[in-house]
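# Architecture at a glance
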Amino acid sequence: HLSKRLETVSEHVEPGSRLADIGSDHAYLPIHLAKNKQISYGVVGEVAKGPIANAINEITKENLLDLLHPRLADGLAAIKNDDRIDTITIAGMGGILISRILEQGKEKLTGRERLILQPNVGEDVVRTWLMQHQYRIKTEQILEEDHHIYEIITAVKSQQPVHYTAQQLKFGPYLLQEKSPVFIAKWLEERRQLQRVVMNMKRAVHEDRLKIQKIEQQIEEINEVVN
Ligand code: SAM
């Protein structure tokens, strides 16, 4: 019963990985990976008591407590040195929160981990954090499920400085090259919403010219990509 979104995240986990899934909620992703023998070890991190209780329940039910280690902790604090984690998944939250978890947990990162990140919104914030911390994006995927569009970004630490243009940060370097139908649909919808905002602002008694200009600029950035 794994969602297409989490199924797709799971496909980026290499066989035999030592995984930390941060913000795991019911632990569906690590349970799926453990049952398919895709991981040899898993840390299941949760900051909230309800979700960690759910995780413990599910892991117990599946008889996987020897493989999966549920921990109540804030972000990467769930990871201990002797876990020898090589893969970190953070899925189903906003890009700002994902970036904050990475930033606050920086000293836990050895630079050898593969990061698999699935922000629900604010993908540009995640890409900017990765660039600023010398992570190179390895793959990007975009998919639609239940009328939501999701992006999955994987990254590894680079030996050299990493640079992405503003356009690449916003749209995704690989997604931009690929321009899949789902990608086009996402940005056409985004443009439609921005156009509606501009229209309403222009109808207002006191139109905020600066704000309108800013949004028109955003629309122009989308036009350059979808047209
Ligand atoms: N990763 C699962 C998925 O993709 O379906 C669950 C996503 S759920 C919407 C987000 C989870 O992240 C919540 O259970 C929340 O408690 C947890 N969370 C939020 N901030 C966190 C933090 N700083 N550290 C660990 N978990 C966190």
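This text gives an overview of the structure that appears in the document.

Basis of the calculations
Residues numbered from 1 in each chain as written. Predicted model: local features only at pLDDT ≥ 70, side-chain atom pairs only at ≥ 80, totals over all residues. Heavy atoms only, no water. 1 Å grid on protein atoms, 1.4 Å probe; cavity = no way out; pocket = protein on both sides within 12 Å on 5 of 7 lines; lining within 4 Å. Points joined across faces, edges and corners; volume = space filled by probe spheres on them. Helix = DSSP H or I, 4+ residues; strand = E, 2+ residues; numbered from the N terminus. Nonpolar A, V, L, I, M, F, W, Y, C, P; charged D, E, K, R; others polar. Axes fitted to C-alpha atoms, helices over the stretch in contact; angles between N-to-C directions. Parallel < 35°, antiparallel > 145°, perpendicular 65-115°, else oblique. Left-handed = near helix turned anticlockwise from the far one by under 90°. Contact = heavy atoms within 4.5 Å.

In this section: the layout of surface pockets. There is about 550 Å³ of room inside the largest pocket. Forming the boundary of the largest pocket are 20 residues, of which Val121, Glu123, Lys186, Trp187 and Glu190 lie nearest the centre. Counting residues per element, the ones that place at least two in the lining of the largest pocket are helix H5 (123-132), strand E7 (148-157), helix H8 (181-203) and helix H9 (209-226). The element contributing the most residues to the lining of the largest pocket is H8, with 7 residues. Partitioned by chemical class, the residues of the lining of the largest pocket number 7 nonpolar, 6 polar and 7 charged. What the second largest pocket holds in volume is close to 300 Å³. Lining the second largest pocket are 17 residues, with Arg5, Leu6, Ser24, Asp25 and Ala91 sitting closest to its centre. Only helix H1 (4-10), strand E1 (17-22), helix H2 (28-35) and strand E4 (87-93) provide two or more residues apiece to the lining of the second largest pocket. With 3 residues, E4 is the largest single contributor of residues to the lining of the second largest pocket. In the lining of the second largest pocket, the residues fall into 8 nonpolar, 6 polar and 3 charged.

A separate point is the packing of helix H4 (residues 95-104) against H5. Running from N to C, H4 and H5 point in directions that differ by 25°, and their axes come no closer than 7 Å. In terms of orientation, H4 and H5 fall into the roughly parallel class. Note on packing geometry: the crossing formed by H4 with H5 is right-handed. Of the residues in H5, those in contact with Gly95, Ile96, Ile98, Ser99, Leu102 and Glu103 of H4 are Val125, Val126 and Trp129. Broken down by class, the residue content of the contact of H4 with H5 amounts to 6 nonpolar, 2 polar and 1 charged.

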